[in-house]
Amino acid sequence: MIKRMIFSKVSIPLSYSSIPNETSINRDDLCGEINSKYTLNFPIHVLTKIIKNGIKRKEITPNSDREIWPINITTKGKARKEQYIDERDVEREITFLVDSISTFFKEKDVIVEDSKLRSSLLNFIDKNTYQLIDHCFNDDEIPTANFEDHEKLLILFILKIEKSKPEEYNIFKKLFLGSIIKSILHFSEKEVESLLSKNFKKCKIYFDANYLFSLLNYHDKIYCTPAIELFQMIKSYGFQLRVYDFTISEMAHVLQSYLERSIKYPKSIKVNSLYSHLKRAGKTRSDIIDMIASLEDDLHKLGIIKKVTGIDLEDYQPQNFDHQSLLTQYKPHQSNYYRNHDIALLDKASKLRKSKVFSFERAKYYIITSDYKLSKINFLEMGHKSDNSVSEIILDRIFTNILFLKNPKADISINSIISLYASELLVKRNIWERFYDILKIAKEKHNIPNEKIANLFYQNFIEDQLITISENDVCDIDESFVLDKIEEASKVVTDEISEQQIEFADTIANIEKEKDGEKEKTLFDIEYKMSDESKKYASTEIKKLKIILLIILIEIIVSSFLLKDIIKFNSFSLMSLSRYIIFVFDVTIFPIKKFWDKHENKLYHGKLLTFSQFLGHL
């Protein structure tokens, strides 16, 4: 079925449409025709497979009984050829989409020739498959960190048409899914055969923290949607889902830092940061405590089981010091705690497989990540690129494309391609944090009035300014830059007091009271420990009660037999007694789980209240 779908969607239309109706054609001429019509170097092994299948279906006939080539198309083949969308219909759809994009650009005062728009559109779609081809990161094909010509506006157009213009959206989606399927033409014969005919065997999937945050909806929608879609595809294959205990520890550590770090993130500016999203979602200290406390349970509900390693990220000693130096090279600004997590993940990755694997289906372990640099280290620096083997740590969007190729019936949205460059729609985290830190210093140094700083946030002025700055140009943000932007903002502000200005009065206040934020963080840590201790206390007490109840039940049952003094314990009566005890325990304990949960919750809140009252007296 998969094989038929892939060939029918891409390969057969390309090849059949290039076969003349009345004359025969040889292999090289057919390849030339395909290349001339579609500017595509069609692989010989794919073309040969299509023609052999066509001969079996009597849609193609060879001129000789001994040789496949040259060939003719039969009446049945011509009928099938006519079923496919005429290339003129495809052109009409693309032209319609380009016209719609052009209209949108003009509304934004951007004028671009249709030929240039068409080229940008198709190039943008093909970028999604660059990393899929050869399962790797080819240095000459990798997309740049920033948008190229007009691609940021193109993303905004896609986001707009998703709900308001379904016809245009569906055309774009067809082009996007078609580009994934078309990428199979770049694979070797062995890779094509593997994708089309082989299945995964008892494969375990481990998840990295960044992907799990998206899966749990802790990131912006543009990241969460493709993460959820990939997870549904993964579940459909029956993979065993795992997460390392130190990854859960890292996630808890990230959330614990929210109160301390969230001071820097205003609600009205969209920064590409977990903390910015949580701030815009209105998460409070108590929300974060609940999120940390339920983290493991939330993952378990999704079928993701914790793998206990005992690794402590506060004091982790690398098993391979090369991993430490690589992370220092690729992520020079990463803190020790998070670097230790990535080192531990690389250490685990290097031991997951006993030998190299050269097809996706034969791999028994994968680590799924959204971290491009981490996956690049694994692919480039751990020997996978040099020998064309399959990486242990694989980028989430690459895995999405692979699973889609194996099952083109899967419904995936174009958020996958949008998320590739979603950071360009948000202010980059390091850009915002540098601006914020320099603004705080400049305010104190030059005694800048709060009103002038508030002007920066009028009608998203500073967001529009910062969103265009590349991560490579972060050093351009200095005191002079900040002061210039304050003056520019003052010139465009009207007398109208907006809600944003009011909100940023609070932001300015935060700049002045970051020491209070440190106190809040201390209180948060205390409350989190109180919550954790209360949870452990309640769980322990419930276990004690259950054991006591079980002992009482056993004593009652045994006593009843002894009192009768009639029954002599033989193997039969012992078995009966055992079954009776199990039956009673099953009837009286397990069906009343809600009772135990309610009682455990009561113990938890009681203990928490005791802690809180104690804290209140301090």
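Here goes a summary of the coordinates provided.

Position of Tyr-366 relative to the elements: it lies in strand β7 (residues 365-369). Looking at Tyr-366, the relative accessible area reads 0%, which means it is buried. Along the primary structure Tyr-366 and Arg-242 are separated by 124 residues, whereas in three dimensions their C-alpha atoms are 10.0 Å apart. When neighbours within four sequence positions are excluded, Tyr-366 is seen to be in contact with Phe-200, Cys-203, Lys-204, Ile-205, Tyr-206, Arg-353, Phe-360, Val-390, Ser-391, Glu-392, Ile-394 and Phe-399. One polar contact links the side chain of Tyr-366 to the main-chain carbonyl oxygen of Phe-360, over a distance of 2.9 Å.

Burial analysis of strand β4 (residues 240-244) places 4 of its 5 residues in the buried class, which makes it a mostly covered element. As judged from the 3 bridges shared by β4 and strand β6 (residues 305-307), these two strands associate in the parallel manner. Each residue of the ladder has a partner; that of Tyr-244, found in β6, is Lys-307.

The next subject is helix α3 (residues 44-56). Counting along an α-helix, one turn takes 3.6 residues, and residues three or four places apart therefore face a common direction. Taking 1.5 Å of rise per residue, 13 residues should cover 18 Å, and α3 covers 18 Å from first to last C-alpha, within 8% of that figure. Of the positions making up α3, those classed as buried are Val-46, Leu-47, Thr-48, Ile-50, Ile-51, Asn-53 and Gly-54.

Applying the stated criterion across every chain, the model contains 15 salt bridges. In this structure, Asp-28 and Arg-27 form a salt bridge, with 3.5 Å as the shortest nitrogen-oxygen distance. Residue Asp-28 is classed as exposed on the basis of its relative accessible area, which comes to 53%. Residue classification places Arg-27 among the partly exposed residues on the basis of a relative accessible area of 33%. Put simply, Glu-433 and Arg-429 hold a salt bridge, and the shortest N to O gap is 3.8 Å. Placement of the pair is Glu-433 and Arg-429 together in helix α23 (residues 429-446), with a separation of 4 residues, close to one helical turn. Overlapping salt bridges bring together Arg-261, Arg-429 and Glu-433 as one network.

This part takes up the packing of aromatic side chains. Scanning all chains against the criterion turns up 17 aromatic pairs. Among the aromatic residues, those joined into a ring-pair cluster are Phe-200, Tyr-237, Phe-239, Tyr-366 and Phe-399.

Relative orientation of the contacting elements helix α17 (residues 321-330) and helix α19 (residues 372-381) amounts to 130 degrees, with a least axis distance of 11 Å. Classified by the angle their axes make, α17 and α19 are oblique. Helix-helix and strand crossings are classified by hand; for α17 and α19 the assignment is right-handed. The segment α17 lies against α19, with Leu-326, Leu-327 and Tyr-330 engaging Lys-373, Leu-374, Lys-376, Ile-377, Leu-380 and Glu-381. Class assignment for the residues of the contact of α17 with α19 results in 6 nonpolar, no polar and 3 charged.

Rules of the game
Residues numbered from 1 in each chain as written. Predicted model: local features only at pLDDT ≥ 70, side-chain atom pairs only at ≥ 80, totals over all residues. Heavy atoms only, no water. Helix = DSSP H or I, 4+ residues; strand = E, 2+ residues; numbered from the N terminus. Buried < 20%, exposed > 50% of the residue type's maximum accessible area, 1.4 Å probe, protein only. Contact = heavy atoms within 4.5 Å. Polar contact = N/O pair within 3.5 Å; in protein donor to acceptor, adjacent residues only side chain to side chain. Pairing = 2+ DSSP bridges. Expected span 1.5 Å × (residues − 1). Salt bridge = Lys/Arg side-chain N within 4 Å of Asp/Glu carboxyl O. Phe/Tyr/Trp six-rings, centres within 6.5 Å; stacked < 30°, edge-to-face > 60°. Axes fitted to C-alpha atoms, helices over the stretch in contact; angles between N-to-C directions. Parallel < 35°, antiparallel > 145°, perpendicular 65-115°, else oblique. Left-handed = near helix turned anticlockwise from the far one by under 90°. Nonpolar A, V, L, I, M, F, W, Y, C, P; charged D, E, K, R; others polar.

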